[in-house]
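Structural overview for review
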Amino acid sequence: MTEYEHREDLKALGAMGSSEKSVKRAATGDLHVRASDVVNAEGPTSKRQKLNHEEANYETQDSQPKERVRGVAPVKSEYLITSEAQTKVVDDDAAEGSIATDDLANGKSDPRGRDGKKGKNRKKQGGQNQNRDYGHFQDALRLCNSITYSNEFSPKQCKFGERCNMCHDLRKYLKEGRREDLDTLDGKCPIFEKFGRCTAGWKCRFAKSHSKEIERDDGRKELVLVQDSSPAENEEDPDQRPGVVNVVSSDTKWDLARRKVTFEKSEPYIKWLEKDLEIAKKFFNRKKQERDGADADGKEELRAQFVDPPLKPSEKRKIYFGKETPVLAPLTTQGNLPFRRLCAELGAQITYSEMAMGMPLVQGQKGEWALMKAHESETAPPRFMPGSGTVVKGYDNTKDLKFGVQISGNQPWVAMKATEALTRFLPHLRVVDLNCGCPIDLVYQAGAGSALLDTPSKLEKIVRGMNVVSGDVPITAKLRMGVRDGKPTADRLIERLAFGGIETRERLGAPGCAAITLHGRSRQQRYTKSANWSYIAECAALIKTYKDKKDELADTAKEADASTQANTADEKVYFIGNGDCYSHVDYFDHINNARVDTVMIARGALVKPWVFEEVEKEQYLDKSASERLGYVEKFVRYGLEAWGSDELGLGFTRRFLLEWLSFTHRYVPVGILEHLPPSLNDRPPRFRGRNDLETLLASDNYKDWVKISEMFLGPAHPSFKFQPKHKSNSYEIEAEG
């Protein structure tokens, strides 16, 4: 097949109206492999052959596999276009986080204004991901909400009356104000098909599938919406979507913004903490003077001034982490609701929100609160097999759930108020996790994220305070090895989170951290080297010794009320490892050798979300190209349910789909690899797949990603722009002519 023919084939794939036709067309493309190389590539998962590690490395006399080269994916020679690994640099550090971006899907606005500026003459911001521009994707005419959900002859009363500057002529809007209906997804609105009512009304890009024109008795023809007879609650509220939970009302966010919310737990504790810190400074200054030979009078008087906190933590709900509960990591941008929903469907047992900033939560900013939304599938209990791991006394799996949230904070009062607000206003929370590992400069320089690794006393105060105000929701923490290479500090931090610092454990007991996750990298290292699982194993062994350590401290440390310690009733602090997990072989190797309770998976899930299914079945799964495209279609459907099927919703879904495809193209099918297990840090040479669709899915060309999105979402909006977070590619619709 010539390059011209290949391009024409890709063009045909992108132009097809139906996803089913697209799958069939791509799956029947020219094959470039022998039948013996394909392991049931197109068969259903239940009937697919198990790829055994030893069998996959079996060497015949006719074909000796090449020696594995570090950093290069070992693709079989018959699939290679070039033997050299792709040299394009992929910056996973930039892909890990971004703060100041236009993110209308989550309600975040770019504080710099247009063209990356704040004010009239402000220069563009530098740094990671500060200048990403997605263009805009809105209708040419804005239809008033009084018309959007009503039949043509019976609109609702517009509350702005004659002052309203939106369109009130339905037929004009349908003819001139929006792009024509889509014929992808069989031309049927996925929201209406599933729920019997579309949340986008006339703005839906599939409006023809749930509307019709009827003739009235007087001969007039009226456009009417087809929908079930039950009235929709909060129909005009864009935050209210079917199947979505943890939706905070606009009134609540407005009250937070106007400081009308009283933090009944945080405020008295913060006052106590400030006074306690003042006394502590005097006390330790007195000790220093005593060491210098000064008069020791008054030290005992200062000691007597210490008082207990005004309130103690509530009894916590027990949680569980075991080898049957693989964890999806908090993922900036890509850890959105549709992706988490897909991963949960594929076997992820614990999910987390994207990291939310503590201060904007306290201020009621809708962008941060939008990150807290979860799908109802995330409220189900995680998988639990009694006897497979250490279970704390009182654990009830029926009361457990999958979804937790992660926040960052640079001061105890910020994290405490954010935690109190989250646990008060969100009914479906497994845990509140404190981010102590984010390496992004904007977070680090503010004193949050990985900056907390260098301030152990402040970190302890934050976790202790969060535990006091969180009600029955446990508190957990996610760490990195340390800030600088070669100087790990996580081992000392873990002990502090388990017992408290020397200066506080006698008076206050343990901080109450239910679980600790350790990413096997330093902030300075980022992704330049593989995760250090040897150090993770050392820290896991350290936690195993804590029962003996606690007995040694029993005579001096004040024993905390067992009911207030989430998982320490039997001296258990769960420990989760994180870093470079990409297959069930990696997963169980870490469980068995590093002795962690479970493994958190991040980039591996972005590249290969069915890694959770592989863990559950304990085998490699050689997913066919059509199956993988099926996951793309699911993401699109879930995205339209989450963000809407109007022009804005399609734009958000396309944007986040392209963000995901900027990772998934790295996947190399296990059926064309010489050696297993695959490595997440290996970069493939250029290769052709076993059919044209597999080749397309492996393309690192942004135009091909857009073609894939167009299979399900139709042509991109004329003003749509896209740039991946790692900045390796960019797209503007004008470039397509």
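Residues numbered from 1 in each chain as written. Predicted model: local features only at pLDDT ≥ 70, side-chain atom pairs only at ≥ 80, totals over all residues. Heavy atoms only, no water.

1. Things to note about the overall build of the chain
- Within the chain, the secondary structure is distributed over 27 helices and 16 strands.
- Among the 737 residues that make up the chain, the fraction classed as buried is 56%.
- For the chain, contacts bridging at least 24 residues in sequence account for 75% of all contacts bridging at least 6.
- Accessible surface, the chain: about 32800 Å² in total, of which carbon and sulfur atoms supply 47%. (Helix = DSSP H or I, 4+ residues; strand = E, 2+ residues; numbered from the N terminus. Buried < 20%, exposed > 50% of the residue type's maximum accessible area, 1.4 Å probe, protein only. Contact = heavy atoms within 4.5 Å. Areas by Shrake-Rupley, 256 points an atom, 1.4 Å probe, with all protein chains shown as cover.)

2. Some remarks on the packing of aromatic side chains
- Evaluated as defined, the whole model comprises 15 aromatic pairs.
- On the basis of an interplanar angle of 65° and a centroid distance of 5.7 Å, the ring pair of F339 and W660 is categorised as edge-to-face. You can see F339 sitting in helix α11 (residues 337-346) and its partner W660 sitting in helix α25 (residues 647-664), a full 321 residues away along the chain. The same class applies to F339 as to W660, namely buried.
- Three or more aromatic residues joined by ring pairs make a cluster, and in this case those are Y320, F321, F384, Y395 and Y574.
- For R430, the ring lying beneath its charged end belongs to F321, and the centroid distance is 4.8 Å.
- The lysine or arginine in question, R523, covers the ring of Y444, its NZ or CZ lying 3.7 Å from the ring centre. (Phe/Tyr/Trp six-rings, centres within 6.5 Å; stacked < 30°, edge-to-face > 60°. Lys NZ or Arg CZ within 6 Å of the ring centre and 35° of its normal.)

3. Here we look at the pattern of salt bridges
- Inspection of the entire model under this criterion finds 31 salt bridges.
- Note that R637 is salt-bridged to E633, the shortest N-O span being 3.2 Å. Here E633 and R637 lie together in helix α24 (residues 625-643), a separation of four residues that amounts to about one turn.
- The exposure class of E633 is buried, given its relative accessible area of 17%.
- A salt bridge links E694 to R690; the nearest nitrogen and oxygen atoms lie 2.9 Å apart. Taken as a pair, E694 and R690 share a single burial class, namely buried. (Salt bridge = Lys/Arg side-chain N within 4 Å of Asp/Glu carboxyl O.)

4. Re the nonpolar core
- The biggest cluster of nonpolar side chains holds 152 residues, and the ones touching the most others in it are L422, L479 and F575.
- The element best represented in this core is α24, accounting for ten residues.
- What L479 contacts, discounting residues up to four positions off in sequence, is C436, L453, L459, L493, I494, L497, I516, T517, L518 and H519. (Core = buried A, V, L, I, M, F, W, Y, C linked by side-chain atoms within 4.5 Å.)

5. Examining helix α16 (residues 456-469)
- For α16, which comprises 14 residues, the first-to-last C-alpha distance of 20 Å matches the rise-based estimate of 20 Å (1.5 Å per residue) to within 8%.
- With respect to burial, α16 is a largely interior element, ten of its 14 residues being buried.
- Those residues of α16 that fall on the buried side of the exposure criterion are L459, E460, I462, V463, R464, G465, M466, N467, V468 and V469.
- Of the residues flanking the end of α16, it is G471, one or two places downstream, whose phi is positive at about 65°. (Expected span 1.5 Å × (residues − 1).)

6. With respect to the side chain of T419
- With respect to the helices and strands, the residue T419 is situated in helix α14 (residues 412-425).
- Reaching out from T419, the side chain makes a polar contact with the backbone oxygen of A415 at a distance of 2.7 Å.
- Once you skip the residues sitting within four places of it in the chain, T419 turns out to touch I407, V432, M466, V469, S470 and I475. (Polar contact = N/O pair within 3.5 Å; in protein donor to acceptor, adjacent residues only side chain to side chain.)

7. Points about helix α27 (residues 702-713)
- The end-to-end C-alpha separation of α27 is 16 Å, in line with the 16 Å expected for twelve residues at 1.5 Å each.
- A large share of α27 lies buried, amounting to ten of its twelve residues.
- Every buried residue of α27 is listed here: D704, W705, V706, K707, I708, S709, E710, M711, F712 and L713.
- Phi turns positive one or two residues past the end of α27, at G714, with a value near 70°.

8. Considerations on the packing of α11 against α24
- It is at 8 Å that the axes of α11 and α24 come closest, and there the two elements cross at 130°. Judged by the inter-axis angle, α11 sits oblique to α24. Seen from above, α11 lies across α24 with right-handed handedness. On α24, the residues that touch L337, P338, F339, R341, L342, E345 and L346 of α11 are Y631, K634, F635, Y638, G639, E641, A642 and W643.
- Residue classes in the contact of α11 with α24 are distributed as ten nonpolar, one polar and four charged. (Axes fitted to C-alpha atoms, helices over the stretch in contact; angles between N-to-C directions. Parallel < 35°, antiparallel > 145°, perpendicular 65-115°, else oblique. Left-handed = near helix turned anticlockwise from the far one by under 90°. Nonpolar A, V, L, I, M, F, W, Y, C, P; charged D, E, K, R; others polar.)

9. Quick look at the packing of α24 against α27
- In contact at an axis separation of 10 Å, α24 and α27 are set at 60° when each is read in the N-to-C sense. By the angle between their directions, the pair α24 and α27 is classed as oblique. In the packing of α24 onto α27, the handedness of the crossing is right-handed. Between α24 and α27, the residues in contact are L629, V632, E633, V636 and L640 and I708, M711, F712 and L713, respectively.
- Of the residues in the contact of α24 with α27, the class split is eight nonpolar, no polar and one charged.

10. Observations regarding the sheet that holds strand β13 (residues 598-601)
- If you trace the eight strands from one edge of the open sheet to the other, you get β5-β13-β12-β11-β10-β9-β8-β6, paired in parallel fashion. The outermost strands of the open sheet, each flanked by one partner alone, are β5 (327-328) and β6 (351-357).
- Relative to β13, strand β12 (residues 574-578) runs parallel, the two being bridged by three bridges. Within the sheet, the bridge partner assigned to N578 lies in β13 and is M600. (Pairing = 2+ DSSP bridges.)

11. As for the environment of C167
- By the secondary structure assignment, C167 is in the loop between α5 (145-148) and α6 (170-177).
- Through-space distance from the C-alpha of C167 to that of R142 is 5.8 Å; in sequence the pair is 25 residues apart.
- In this structure C167 touches L141, R142, L143, C144, I147 and Y173, once residues within four positions along its chain are discounted.

12. A closer look at unusual backbone geometry
- Between L676 and the following residue, P677, the backbone shows a cis peptide bond with an omega angle of 0°.
- In this fold, P677 is placed in the loop between α25 and β14 (685-687).
- Its identity is not glycine, yet L185 carries a phi of approximately 50°, on the positive side.
- Note on placement: L185 falls in the loop between α6 and α7 (190-195).
- According to the relative accessible area criterion, L185 is buried, its value standing at 2%.

13. Considering the confidence of the model for the chain
- Confidence in the prediction of the chain, expressed as mean pLDDT, is 81, and 74% of residues score 70 or more.
- Counting interchain partners and residues more than four positions distant, the pLDDT-below-50 stretch residues 1-63 has 109 contacts.
- Here residues 94-130 is modelled with pLDDT under 50, and outside its nearest four sequence neighbours on either side it reaches 74 contacts, counting other chains as well. (pLDDT = per-residue confidence, 0-100.)

14. Remarks on the pairing of β13
- Burial along β13 is two-sided: the face carrying T598 and M600 and the face carrying V599 and I601 are both buried.
- Bridging between β5 and β13 involves two bridges; their strand directions are parallel. Bridging across to β13, V327 finds its partner in M600.

15. A short note on the side chain of R521
- Here R521 is to be found in the loop between β11 (513-519) and α19 (533-544).
- Within the structure, the side chain of R521 is placed 3.0 Å from the backbone oxygen of K529, a separation counted as a polar contact.
- Apart from residues no more than four positions distant in its own chain, R521 is found in contact with R480, M481, G482, R526, Y527, K529, S530, A531, G579, D580, R603 and N681.

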